[in-house]
Every structure is written in C-alpha cells, then in structure tokens.
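The residues making up each chain are set out below.
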Amino acid sequence: MPELPEVETIARGLRPVVEGAAIAGVDIRRPDYVRCLPPSTAADLAGRRISRVGRHGKRLILELSPPGEIVVHFGMSGRLLVAGIRNRIAPHTHLRLRLRGRRRELRVCDPRRFGAVWIRSRPNGNAAAGSEPPPLGPDALAVRLPAFRNLLARPRQIKALLLDQQAIAGLGNIYCDEALFAACIHPATRAARLEEDETRRLLLVLRRILRTAIRHGGSTLRDYRDLRGRPGAFRRHHRVYGRTGQPCPQCETAIVRLIVAGRSSHVCPRCQTE
C-alpha cells in the first residue's frame, strides 16, 4: 500500500501537470468506488479548476475552485495516471477526469479495489452513514513534538499506535519498521512507557526517514509507480524491512520477523529489546 512518501511523490509530480487546469468532464465507471458525497454530483465538477494538489497522510487531495475537493485513497493497488485522451483505457479504470485544453486526463485505476475516491462539490447534506472518508489524525510529517508526546501517552503497543491512521496519518508497515529500528524501540513496547528522549528520537528519525524516502521516490515492493511509471528507489535503503535473516546493519545480529499488532514486523533482537 502506498504510504506517505509514495503519495507525496505522486502529489509533487502531479502539481505542474494539473494545477490551474479546468475539469472538462467526468466519467465514473464504478460508483461504489468513486463516491459523490450527497448532495454533490459528478456533473458539479465540470468547469471547476484544480487549484491545488495536496496530501494528508496516505490520501491525495485535489482542491477545487469554486470550493470542493476530490480525495483519492490508493489502497493496495491504486494508481493515478496522466494519459492522453486517445490512449487506451487500462482495465480497472474507475474514474476519468478530462482536463480542458490539455488533451490529457487523469485516470484512477485500482485492480483490487481496496482504495476509494470521494468527491465533494457542495456542502454536506445528509451523507449516508459510512460514505464519508474516515477521519485522520495529524499528518506524520507535520505533527509537532507536544502533539506527538500526547499521542504516545497511551498504553497501546507503539507499532499499533503508529499504524492507526486516526491517531497519526501516513504510516504503514515499511516506515514504522524502519523508524522503530532507527530509534532502537521494539514494536511491541507500550507507547506510554517510552521516556522523553525516546519520544524525541522517534519523532526525529521518523521525519528523517520519511523525507529521505520522498527524495528517493518512495518504496516499490509490487505495484507502486510514480506518474512516469518509475518504481520507488528507497527499497534499496531499507535497513530492516523485508530483510529477515540478513545481518543487522548496526550489530550484525540476524533480523527476525515477528507478528506485532497483527502485522508482520522486522526487528533486530539485539538493538530493539522489548
């Protein structure tokens, strides 16, 4: 699943292509995947401009003028493509946004359909229960130390807390494992037991790893590609994730794979003691 660095890479590539462009037309092929939040309709989007490409956590946000937004959650296999209007339409394309005067369009494809798109073009009326995108916590790159400290003052396992998008948005398995290793914290440690210096260190390494991953275009394990179809290069810099049995880069102890918070976790048993 694309995490914060992958979605930020997509957002940065998309800005020079679509910011300022007007939407000429909308083609929704799966209304169960592309959800217009009542009373919004797809027809409302015609003529609106994409004023800004933003991101919060793992979600890409197209801000519109007049006010509105299109929110894209990529799930496991979702991709955003910029294609010529005459290009072949790939299977599992659920949304097409035609751009006025650009001879190009945006397409959202998702074979496994674990993602979603939400369209909001009018103030909310009586949106059906479950149709709204789930709320998100503060963005992992924007959260400040006081808020991060308060977030961690809970008895949950630290990895479970970092994976909870309603607590802090943007992190998945890869960057949780990498940050916890860099901070020398075992993923099963109770968050409330962390000392002040451990909390500070975790936030610092988390920011550093996310920014470094963005510079390398994110990590590709299977499906993720940027707008030009290129895989992310940060996988070559993973220190523990996916390296079961290989030597720890700090102490040469073999990396082990554990199940923590129901998820596969990669740990150095010497550097990260519980």
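Residues numbered from 1 in each chain as written. Predicted model: local features only at pLDDT ≥ 70, side-chain atom pairs only at ≥ 80, totals over all residues. Heavy atoms only, no water.

Enquirer: Explanation requested: the overall build of the protein chain in the structure shown.
Expert: Helix and strand counts for the protein chain come out as five helices and eleven strands. By the compact-globule yardstick of 19 Å for 274 residues, the protein chain fits well, its C-alpha radius of gyration being 20 Å. For the protein chain, the C-alpha atoms occupy an extent of roughly 60 × 40 × 30 Å along the three principal directions. Across the 274 residues in the protein chain, those meeting the buried criterion constitute 51%. (Helix = DSSP H or I, 4+ residues; strand = E, 2+ residues; numbered from the N terminus. Rg over C-alpha atoms; globule rule 2.2 N^0.38 Å. Buried < 20%, exposed > 50% of the residue type's maximum accessible area, 1.4 Å probe, protein only.)

Enquirer: Whenever I open this one, the side chain of Thr 189 confuses me. Can you help?
Expert: Along the chain, the position of Thr 189 falls in the loop between helix H4 (173-182) and helix H5 (196-215). Under the relative-accessibility criterion, Thr 189 is labelled buried at 11%. Thr 189 has contacts with Arg 156, Gln 157, Ile 158 and Leu 194, leaving out every residue within four places of it along the chain. (Contact = heavy atoms within 4.5 Å.)

Enquirer: Looking at this structure, I do not really get the environment of Cys 251. What am I missing?
Expert: Mapped onto the elements of the fold, Cys 251 is located in the loop between H5 and strand S10 (256-260). Sequence separation between Cys 251 and Leu 145 is 106 residues, and the spatial gap between their C-alpha atoms is 29 Å.

Enquirer: Looking at this model, I keep getting lost on the sheet that holds strand S6 (residues 79-84). Mind explaining?
Expert: Two pairing modes exist for strands in a sheet, parallel and antiparallel, and in both the strands are linked by backbone hydrogen bonds. On the basis of which strands lie adjacent, the open sheet formed by four strands has the order S1-S7-S8-S6 and antiparallel pairing. What marks the edges here is a single partner per strand, and that holds for strand S1 (23-28) and S6. Averaged over all adjacent pairs, the angle separating strand axes in this sheet is 20 degrees, with direction ignored. Judged from the six bridges that link them, S6 and strand S8 (residues 104-109) form a sheet pairing that is antiparallel. Residue Leu 80 lies in a different strand from S8, and its bridge partner there is Val 108. (Pairing = 2+ DSSP bridges. Axes fitted to C-alpha atoms, helices over the stretch in contact; angles between N-to-C directions.)

Enquirer: What is the right way to read the nonpolar core from this model?
Expert: By size, the foremost hydrophobic cluster in this structure holds 35 residues, and its most contacted members are Phe 148, Leu 152, Ile 158, Leu 162, Leu 171 and Leu 202. Broken down by secondary-structure element, the contributors of at least two residues to this core are helix H2 (145-151), helix H3 (158-163), H4 and H5. If we ignore the near neighbours within four places in the chain, the residues touching Leu 171 are Glu 3, Lys 58, Ala 140, Leu 162, Leu 163, Gln 165, Cys 176, Leu 206 and Leu 210. Formed by 28 residues, the second largest nonpolar core is a distinct cluster that contains Leu 14, Tyr 33, Leu 60 and Val 117. (Core = buried A, V, L, I, M, F, W, Y, C linked by side-chain atoms within 4.5 Å.)

Enquirer: Would you mind showing me how to read a nonpolar patch on the surface here?
Expert: On the surface, Met 1, Met 76 and Phe 114 cluster together to form a nonpolar patch covering roughly 290 Å² of accessible area. Relative to the helices and strands, Phe 114 resides in the loop between S8 and strand S9 (116-120). (Patch = residues over 30% accessible without salt bridge, like charges linked within 9 Å, V, L, I, M, F, W, Y side chains within 5 Å. Areas by Shrake-Rupley, 256 points an atom, 1.4 Å probe, with all protein chains shown as cover. Salt bridge = Lys/Arg side-chain N within 4 Å of Asp/Glu carboxyl O.)

Enquirer: Where do I start with unusual backbone geometry in this structure?
Expert: The bulk of non-glycine residues show a negative phi, and the bulk of peptide bonds are trans. In this model, Pro 38 is joined to Pro 39 through a cis peptide bond whose omega is 5 degrees. Here Pro 39 is to be found in the loop between strand S2 (34-36) and strand S3 (49-56). Of note, the bond from Ser 65 into Pro 66 is cis; its omega dihedral lies within 30 degrees of zero at -5 degrees. Along the chain, Pro 66 turns up in the loop between strand S4 (59-65) and strand S5 (68-73). Phi at Glu 252 takes a positive value of approximately 70 degrees, unusual for a residue other than glycine. Tracing the backbone through its elements, the reader meets Glu 252 in the loop between H5 and S10. Of the residues examined, Glu 252 reaches a relative accessible area of 68% and is grouped as exposed. Positive phi, close to 55 degrees, is recorded for Ala 261, a residue that is not glycine. Here Ala 261 lies in the loop between S10 and strand S11 (263-267). With a relative accessible area of 38%, Ala 261 lands in the partly exposed category.

Enquirer: Would you take a moment to explain the sheet that holds S4 for this structure?
Expert: Across the sheet, which stays open at both edges, the five strands sit in the order S2-S9-S5-S4-S3 with mixed pairing between neighbours. Two strands bound the open sheet, and with one partner strand each, they are S2 and S3. Mean inter-strand twist for the sheet, computed between neighbouring axes without regard to direction, equals 15 degrees. Sheet contacts for helix H1 (residues 4-18): S3 and S4; angle to S3, the most-contacted strand, approximately 165 degrees.

Enquirer: I keep staring at the environment of Tyr 224 and nothing clicks. Help me out?
Expert: Here Tyr 224 lies in the loop between H5 and S10. Under the relative-accessibility criterion, Tyr 224 is labelled buried at 8%. Sequence separation between Tyr 224 and Arg 79 is 145 residues, and the spatial gap between their C-alpha atoms is 7.3 Å.

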